[in-house]
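The residues making up each chain are set out below.
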Amino acid sequence: MSFAEYRELINDGDTAIVFLGHDSMFPITVQHGSQTQTKYGVIRHSTDLVGKKFGSKVTCSKGGWVYILHPTPELWTINLPHRTQILYSTDISIITMMLELKPGSVVCESGTGSGSLSHAIIRSVAPTGHLYTVEFHQQRAEKAMEEFRQHKVDHLVTVKNQDVCKNGFGVSHVADAVFLDIPSPWEAISHAKEALKHEGGRICSFSPCIEQVQRTCLALEEHGFTEVSTLEILLRVYDVRTVSLSVPDLGRPADNQTSSDVNEKSKQSPAPQQGTALFKSGVSPRETVGHTGYLTFATKSLF
Ligand SMILES: C[S@@+](CC[C@H](N)C(=O)[O-])C[C@H]1O[C@@H](n2cnc3c(N)ncnc32)[C@H](O)[C@@H]1O
């Protein structure tokens, strides 16, 4: 298993996702001799997991069952241990597209936080690209390094424990793209410019407040970035439900039909439905996700 590459079989030491339902899953580290408790009973790693295929249905000790899923950045984002606020897949998807990330891209990021975005970047740039991620909180930086090792992507990422606003990204003119998720991104714009390749590249800054956006846009302009644009992306999810509606009463058959006509018709087709009709519909769930943050994109160009 690796977060950048699919493997068929579950190995000792792998991260796996125990799937009980769409709203109920959690990550585990597979270890010979270990056990995991679920509401359906115990999963024994040596006999139930090691050597089995990812995606297998595993019967737990009480007879209930779960699926064991291969980890992906999307599943990790909704299952990871939070050390900070994180970015979710809706924002991440537009970030990876608008930063034009692809295999081989070199990316600078700050802060690393809980590594939610980092995992998505790493998968996009693998197997030949690299992520330089900067986090000034020492424990968070160390924990992120440990997770990247555990997820077998540590060769694709360098974690630096420093203040990006004071010391920058620790690299010069190597990056195709820079991403900022820090409280004062405007203080890191000069360092972002330094990190981006001479021939240019893309930048994105994520901020919850419009005042942060205003200061960032001014700093981007001051440092010669072009194509500055800010957007917000909102997700609406639909649940599929069976809905029942009452059938309207359209009255008795027309009077000018003879009784033999009516009798003839009723032989051909069943009597009109009374009561309710069932059909499938997409319904918006109880609560929709609100504002996460503004995304400001810009380009460093050669000219
Ligand atoms: C909101 S979190 C980032 C979450 C991350 N994007 C994710 O998806 O998991 C912001 C992180 O930036 C770090 N940070 C804030 N200011 C910083 C700075 N000047 N230099 C480096 N890291 C910084 C914080 O310690 C925190 O861990």
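Above this note sits the structure.
Along every chain, residues carry numbers that run from 1 in the direction the sequence is written. Local features are withheld for residues below a pLDDT of 70 in this predicted model, meaning they are given only at 70 or higher, and side-chain atom pairs are given and counted only at 80 or more; totals for whole chains, interfaces and linings count all residues. With hydrogens and water stripped out, all remaining heavy atoms of the structure feed into the side-chain values.

Asks: Give a detailed account of the overall build of the chain, specifying residues and quantitative values.
Replies: What counts as a helix is a DSSP run of H or I of at least four residues, what counts as a strand is a run of E of at least two, and both are numbered from the N terminus. Check the secondary structure of the chain and you find nine helices and 15 strands. Along the three orthogonal principal directions, the C-alpha set of the chain runs to about 90 × 55 × 30 Å. The classification of residues rests on relative accessible area computed with a 1.4 Å probe and restricted to protein chains. Under 20% of the type maximum is buried, over 50% is exposed, and intermediate values are partly exposed. For the chain, the proportion of its 303 residues judged to be buried stands at 42%. Contacts are assigned to residue pairs that have any heavy atoms within 4.5 Å of one another. Here the analysis covers contacts within the chain between residues at least 6 apart in sequence; of these, 65% occur between residues at least 24 apart. By element, 53% of the accessible surface of the chain is carried by carbon and sulfur atoms, the whole surface being about 16700 Å². Only the protein chains shown count as cover for residues, and the accessible areas themselves come from Shrake-Rupley with a 1.4 Å probe.

Asks: Please provide a residue-by-residue account of the site of the ligand, values included.
Replies: Any residue with a heavy atom lying within 4 Å of a molecule or strand is counted as near it. Neighbouring the ligand are 24 residues; Glu-135, Arg-140, Asp-163, Val-164 and Asp-181 lie closest to it. Polar contacts here mean pairs of N or O atoms no more than 3.5 Å apart (in protein, one a potential hydrogen donor and the other a potential acceptor; neighbouring residues in sequence count only if both atoms are side-chain atoms). At 3.2 Å from an oxygen atom of the ligand is found a main-chain nitrogen or oxygen belonging to Leu-87. Within the side chain of Asp-163, an N or O atom sits 2.8 Å from a nitrogen atom of the ligand. Protein contact buries 91% of the 620 Å² of open area that the ligand shows by itself. With a 1 Å grid laid over protein atoms only, a set of points is called a cavity when a 1.4 Å probe fits there but cannot get out and a pocket when it is open yet has protein on both sides within 12 Å along at least five of seven lines; lining residues have an atom within 4 Å of a point. Cavity and pocket membership follows a simple rule, namely that a molecule belongs there if more than half of its atoms are within 2 Å of the grid points. At a threshold of 2 Å from the grid points, most atoms of the ligand map onto the second largest pocket. Listed by contribution, the elements that provide at least two residues to the shell around the ligand are α4 (116-125) and α6 (164-167). Tallied by class, the residues present in the shell around the ligand amount to nine nonpolar, eleven polar and four charged. Amino acids outside the nonpolar list (Ala, Val, Leu, Ile, Met, Phe, Trp, Tyr, Cys, Pro) and the charged list (Asp, Glu, Lys, Arg) are all regarded as polar, and Gly is one of them.

Asks: Got a sec to walk through the packing of aromatic side chains? Specific residues and values, please.
Replies: One pair of aromatic rings is described through two measures. These are the centre distance and the angle between the planes. Here the aromatic set is Phe, Tyr and Trp, taking the six-membered ring for Trp, and pairing holds for ring centres within 6.5 Å; pairs whose planes are under 30 degrees apart are stacked, those over 60 apart are edge-to-face, and all others are tilted. Following the criterion strictly, the structure yields three aromatic pairs and no others. On the numbers, 5.8 Å between centres and 85° between planes, the contact of Phe-3 with Trp-76 is edge-to-face. Of this pair, Phe-3 sits in the segment before β1 (15-21) while Trp-76 is found in helix α2 (residues 73-79), placing the two residues 73 residues apart along the sequence. Overall, Phe-3 belongs to the buried group, its relative accessible area being 4%. Between the aromatic rings of Trp-65 and Tyr-67, the centroid separation amounts to 5.6 Å while the plane-to-plane angle is 70°, which identifies the pairing as edge-to-face. Linked through ring pairs, Phe-19, Trp-65 and Tyr-67 together constitute an aromatic cluster. In this analysis the charged atom, NZ for Lys or CZ for Arg, is taken to sit over a ring once it is within 6 Å of the ring centre and within 35 degrees of the ring normal. The ring of Trp-65 carries the charged tip of Lys-57 above its face, separated from the ring centre by 4.0 Å.

Asks: A description of the pairing of strand β11 (residues 200-207) should follow, citing residues and the corresponding values.
Replies: Counted residue by residue, β11 has eight buried out of eight residues, so it is predominantly covered. Neither face of β11 is exposed, since Gly-200, Arg-202, Cys-204 and Phe-206 on one face and Gly-201, Ile-203, Ser-205 and Ser-207 on the opposite face are all buried. Where the polypeptide runs from strand β10 (residues 177-180) across helix α7 (residues 189-195) and back to β11, its parallel neighbour, the crossover connection is right-handed. By this definition, two strands are paired if DSSP reports at least two bridges between them. Of the pairings in the sheet, the one linking β11 to strand β15 (residues 294-301) comprises eight bridges and is antiparallel in character. Each bridged residue has a counterpart across the sheet, and for Ser-207 the counterpart in β15 is Tyr-294. Think of it like this: strands point away, you trace from the first strand over the helix to the second, and a clockwise trace means the crossover is right-handed.

Asks: I'd like a description of the pattern of salt bridges, backed by residues and values.
Replies: Definition used for salt bridges: Asp or Glu carboxyl oxygen within 4 Å of a side-chain nitrogen of Lys or Arg. Per the counting criterion, the structure on display carries ten salt bridges. Glu-5 is the partner of Arg-7 in a salt bridge, and the nearest nitrogen-oxygen pair spans 3.4 Å. With a relative accessible area of 46%, Glu-5 lands in the partly exposed category.

Asks: I'd like to hear about the sheet that holds strand β12 (residues 226-231), residue by residue, with values.
Replies: One open sheet holds the seven strands; their spatial order is β9-β8-β7-β10-β11-β15-β12, and the pairing between them is mixed. Pairing within the sheet leaves two strands with one partner each, and these edge strands are β9 (157-160) and β12. Looking at each pair of strands side by side, their axes are set apart by 15° on average, direction ignored. Across five bridges, the pairing between strand β7 (residues 106-110) and strand β8 (residues 130-134) is parallel. Axes here mean lines fitted to C-alpha atoms, for a helix over just the part in contact, with angles spanning 0 to 180 degrees between N-to-C directions.

Asks: I'd love a proper account of helix α8 (residues 210-222), names of residues and values included.
Replies: An α-helical segment advances 3.6 residues per turn. Residues three or four places apart therefore align on the same side. To estimate how far a helix should extend, the number of its residues minus one is multiplied by 1.5 Å. The terminal C-alpha atoms of α8 lie 18 Å apart, and with 13 residues this matches the ideal 18 Å at 1.5 Å per residue to within 8%. Of all the residues in α8, the buried ones are Gln-212, Val-213, Thr-216, Ala-219 and Leu-220. Projection of α8 onto a plane perpendicular to its axis shows the buried side chains occupying an angular sector of 130°, all on one side. Exposed and facing more than 90 degrees away from the buried side of α8 are Glu-211, Leu-218, Glu-221 and Glu-222. Downstream of α8 by a residue or two, Gly-224 has a phi angle that is positive, lying close to 85°. Taking the helix axis as origin, the arc is that swept by the directions to the C-beta atoms.

Asks: Outline the nonpolar core, listing residues and values.
Replies: Grouped burial of nonpolar side chains is what soluble globular proteins tend to show. Residues belong to one nonpolar core when they are buried, are Ala, Val, Leu, Ile, Met, Phe, Trp, Tyr or Cys, and are joined through side-chain atoms within 4.5 Å. Core analysis: the largest hydrophobic core is formed by 45 residues, its most contacted members being Ile-43, Leu-49, Val-66, Ile-68, Ile-95 and Phe-179. Among the elements that take part in this core, α4 stands out by supplying five residues, more than any other. When neighbours within four sequence positions are excluded, Leu-49 is seen to be in contact with Ile-10, Ile-28, Val-30, Ile-43, Arg-44, Val-58 and Ile-68. Counting residues in each nonpolar core, the second largest holds 23 residues, with Val-164, Phe-169, Val-171 and Leu-220 among its members.

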